[in-house]
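Structure at a glance
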Amino acid sequence: MHRRLFIRALAVSVLVATAAAAGPTTATAEAPTPAQTRLHATIDAILADSRLDGAQAGVVVVDAATGRTLYDRNGQRRLVPASNTKLLTSTAAMELLGPGHRFTTDVSTDGPRRAGLLSGDLYLRGGGDPTMLAADYDQLAEQVAAAGVRVVTGDLVADDTRYDRSRLGPDWTWDDEPYYYAAQVSALTVAPDTDYDAGTVIVHAEPGARAGSRPKISMTPDNGWLRVDNRAQTVAGGETTISIEREHGGNTVVVTGQIAVGQTTESDWVTVWEPTGYAADVFRSALRRHGVRVLGRTVLGAATPDTARPLARHDSMPLADLMVPFLKLSNNGHAEVLTKELGRVLSGSGTWAAGLSAIGEYAGDAGVDTGTLRQRDGSGLSRRNLVPPAQFVTLLSAVRAEPWFDTWYAALPVAGNPDRFVGGTLRSRMVGTAAADNVHAKTGSLTGASGLSGYVTDADGRLLAFSIVLNNYLTSSVKGLEDQIAIALATYTEKGATTARMTVPTAPDSPRVPEGRECSWVKPALC
């Protein structure tokens, strides 16, 4: 038995023995208080909204300090959690990898060196870092040049063997794969900016000099891995209708539509096919800029020999810092990399199966009944993920005792806070209400599936853990209903309460987001 599980089992035994000695609980203690009765009626009224006709709703609210359940509707029903799945992945990563965990990308060689000539191959080994920018590869190239290397007679070998070669998550839909929120997962990859959407590029379309000309297309970072098929037109005036999309199964980016003379540049984020090759291309260009010529070809997927000697190294930010872009922006790629990293570190196998096994073991040790749920990926893109809301609340209550809790809690999106790296996916929700700068929670969005699970401090100063998971609705969004419940919890009080129904709160409008997507998944970002 794991030490953590043994301690918790012992604690439960003590509580049971204490309760037995004290005698049976009275019926009065079990009865809802007037405040609870009011809260029940309020949440029931919110869930009676016609937008949930024929849908499924699971809502659980618990006093995090005492464990007392304040509300439970379908708490044990298995529902599709969307990105609420990241609660399981992120907490397991913080516990099992540790807040100080870093990813390392290095360059090495096994060939002899004489003057500036390296007779052999150059190995670029990926450590899974989802925050690697073109500037970081440039620094690696600068270190190689500083070591005196000018010519490499062999190949540039891109080593992505830390993880397996399964690039897309289990059960992901094929038509999502060109879009940046479903990027391929590799141990060697590139992010285009400090949102750290690894495995993507930003494609820019700038109007041509005159009507009838093609727009000017560029990419960030500049690379030779993707090819552009520019079918768009510059027009004298009218609506800009530029569309930028990568063809399924390859690296051709097709640009269509029109853009008016004098209009600002249009940009969009697209995934690449095979991030390992993308990273190798960016690194090879950086080597060239620093005066290092590689005479051989680029080889993908071969392992670095044990005899290789180091030339350059880059370490990522610690995991504690990565939690901010990961959770604030609901970054799917970070979730999947962490899942594979868990598998690699704990069992030597950088696979989804090994990582998910580690997450499940941690969740079980934390008191979650893992026999009641199914987790198929790290991010929640899979529709075969099924988690009862009550199990999220169990996890949320348990992790408050962890030494890393404050760091993780701060990384959750904060309702109504306009700072993108504070408010995250909640920065435009619940603005100007009692929930603003109060609710810390993970959002979740797929078509027909939505969730909000986290914490809120009520009007009496108690920290409540809650989970709201809504499924099978046909309307475009039910975020407003989640917000109403969160606001009701923020205003909940047991002081002087009667059984009269609370006023059902209204929730301010939030930005209109395409159905089934987090607001941070819409580029340029809505939040």
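Residues numbered from 1 in each chain as written. Predicted model: local features only at pLDDT ≥ 70, side-chain atom pairs only at ≥ 80, totals over all residues. Heavy atoms only, no water.

Thoughts on the nonpolar core
Ranked by size, the top nonpolar core spans 48 residues in total, and within it Leu319, Met323, Leu338, Leu395, Val399, Trp408 and Tyr455 carry the most contacts. Those elements giving two or more residues to this core turn out to be strand 1 (56-63), helix 4 (86-96), helix 7 (319-328), helix 8 (332-347), helix 9 (352-365), helix 10 (389-398), helix 11 (405-411) and strand 22 (463-471). Residues within four places of Leu319 in sequence aside, it is in contact with Ala93, Met94, Leu97, Gly98, Pro99, Gly100, His101 and Leu338. Counting residues in hydrophobic clusters, the runner-up holds 40 residues, among them Leu122, Tyr137, Val152 and Val292. (Core = buried A, V, L, I, M, F, W, Y, C linked by side-chain atoms within 4.5 Å. Buried < 20%, exposed > 50% of the residue type's maximum accessible area, 1.4 Å probe, protein only. Helix = DSSP H or I, 4+ residues; strand = E, 2+ residues; numbered from the N terminus. Contact = heavy atoms within 4.5 Å.)

Section: the sheet that holds strand 20 (residues 440-446)
Read across the open sheet, the 5 strands follow the order 2-1-22-21-20; overall the sheet is antiparallel. In this open sheet, the two strands that pair with only one neighbour each are strand 2 (69-73) and strand 20. Between one strand axis and the next, the sheet turns through 5 degrees on average, direction left out of account. Relative to strand 22, strand 1 runs antiparallel, the two sharing 8 bridges. Pairing of Val59 across the sheet is with Ile468, part of strand 22. Sheet strands in contact with helix 10 are strand 1, strand 21 (449-457) and strand 22, and its direction is about 155 degrees off that of strand 22. (Pairing = 2+ DSSP bridges. Axes fitted to C-alpha atoms, helices over the stretch in contact; angles between N-to-C directions.)

Observations regarding the side chain of Arg167
Mapped onto the secondary structure, Arg167 falls in the loop between strand 8 (156-159) and strand 9 (200-206). At 2.7 Å, the side chain of Arg167 forms a polar contact with the side chain of Asp160. (Polar contact = N/O pair within 3.5 Å; in protein donor to acceptor, adjacent residues only side chain to side chain.)

A closer look at the sheet that holds strand 4 (residues 113-114)
Reading across from one edge, 4-5-7-17 is the order of the 4 strands in this open sheet, with mixed pairing throughout. Edge strands, defined here as strands with exactly one partner in the open sheet, are strand 4 and strand 17 (293-294). Sheet analysis places strand 4 next to strand 5 (residues 117-118), joined by 2 bridges and oriented antiparallel. Bridging across to strand 5, Arg114 finds its partner in Leu117.

Notes on the packing of helix 8 against helix 9
Orientation of helix 8 relative to helix 9, taken along the N-to-C sense of each, is 85 degrees, at an axis distance of 7 Å. Here helix 8 is positioned roughly perpendicular relative to helix 9, judged by the angle of their axes. Residue-level inspection shows Glu336, Thr339, Lys340, Leu342, Gly343, Leu346 and Ser347 of helix 8 in contact with helix 9, the latter providing Trp352, Ala354, Gly355, Leu356, Ala358 and Ile359. (Parallel < 35°, antiparallel > 145°, perpendicular 65-115°, else oblique.)

Brief notes about the packing of helix 4 against helix 9
For the pair helix 4 and helix 9, interaxial distance at closest approach is 9 Å and the crossing angle is 85 degrees. In terms of orientation, helix 4 and helix 9 fall into the roughly perpendicular class. Of the residues in helix 9, those in contact with Leu88, Thr89, Thr91, Ala92, Glu95 and Leu96 of helix 4 are Ala358, Ile359, Tyr362 and Ala363. Split by residue class, the contact of helix 4 with helix 9 holds 7 nonpolar, 2 polar and 1 charged. (Nonpolar A, V, L, I, M, F, W, Y, C, P; charged D, E, K, R; others polar.)

Side note on the pairing of strand 1
In terms of residue burial, strand 1 counts as a mostly covered element, since 7 of its 8 residues are buried. Note that strand 1 and strand 2 share 4 bridges and pair antiparallel. Within strand 2, the residue paired with Val61 across the bridge is Tyr71. Hairpin connection of strand 1 to strand 2: 5 residues between the antiparallel strands, including Gly67 at a positive phi of 80 degrees.

Let's talk about the environment of Gln139
Structurally, Gln139 is set in helix 5 (residues 134-146). For Gln139, a relative accessible area of 40% translates into the label partly exposed. Gln139 sits 147 residues away from Ala286 along the chain, and the two C-alpha atoms are 8.4 Å apart.

What about the confidence of the model for the chain?
Here the chain averages 92 in pLDDT, and 90% of its residues register 70 or above. Overall, residues 1-29 carries pLDDT values under 50, and its contacts beyond four positions in sequence, including any with other chains, amount to 16 contacts. (pLDDT = per-residue confidence, 0-100.)

With respect to unusual backbone geometry
Backbone phi values are negative for most residues with the exception of glycine, while trans is the configuration of most peptide bonds. With an omega of -5 degrees, the peptide bond running from Thr220 to Pro221 counts as cis. Here Pro221 is to be found in the loop between strand 10 (216-220) and strand 11 (227-230). Not every positive phi belongs to a glycine, and Ala115 is a case in point at roughly 55 degrees. Relative to the helices and strands, Ala115 resides in the loop between strand 4 and strand 5. One non-glycine residue, Asp171, lies in the positive phi region at around 75 degrees. Positionally, Asp171 belongs in the loop between strand 8 and strand 9.

Looking at the environment of Pro81
If you trace the backbone, Pro81 turns up in the loop between strand 2 and helix 4. For Pro81, a relative accessible area of 0% gives the class buried. Taking the C-alpha atoms as reference points, Pro81 and Ala449, separated by 368 residues in sequence, lie 7.0 Å from one another. If we ignore the near neighbours within four places in the chain, the residues touching Pro81 are Asn385, Leu386, Val387, Phe392, Gly444 and Val469.

Side note on the side chain of Glu274
In this fold, Glu274 is placed in the loop between strand 16 (266-271) and helix 6 (275-289). A relative accessible area of 11% places Glu274 in the buried class. Within polar-contact distance, the side chain of Glu274 engages the side chain of Arg165 at 3.4 Å. Other than its neighbours up to four places away in sequence, Glu274 contacts Asp160, Arg165, Arg167, Gln184, Trp225 and Leu300.

As for the packing of aromatic side chains
Enumeration over the complete set of coordinates arrives at 10 aromatic pairs. Ring plane angle 90 degrees and centroid distance 6.5 Å describe the contact between Trp408 and Tyr455, whose orientation is recorded as edge-to-face. With Trp408 in helix 11 and Tyr455 in strand 21, this residue pair connects regions lying 47 residues apart in the sequence. A residue is classified by how much of its surface remains accessible, and Tyr455, at 0% relative accessible area, is buried. A ring pair is formed by Tyr409 and Tyr455, whose centres lie 5.6 Å apart and whose planes are at 65 degrees; its orientation type is edge-to-face. A residue pair is termed long-range when its members are at least 10 positions apart, and Tyr409 in helix 11 and Tyr455 in strand 21 qualify at 46 residues. For the residue pair Tyr409 and Tyr455, the accessibility class agrees, reading buried in each case. In this structure an aromatic cluster arises from ring pairing among Trp404, Phe405, Trp408, Tyr409 and Tyr455. Across the ring face of Trp352, the terminal group of Lys340 is positioned such that the distance to the ring centre comes to 4.0 Å. (Phe/Tyr/Trp six-rings, centres within 6.5 Å; stacked < 30°, edge-to-face > 60°. Lys NZ or Arg CZ within 6 Å of the ring centre and 35° of its normal.)

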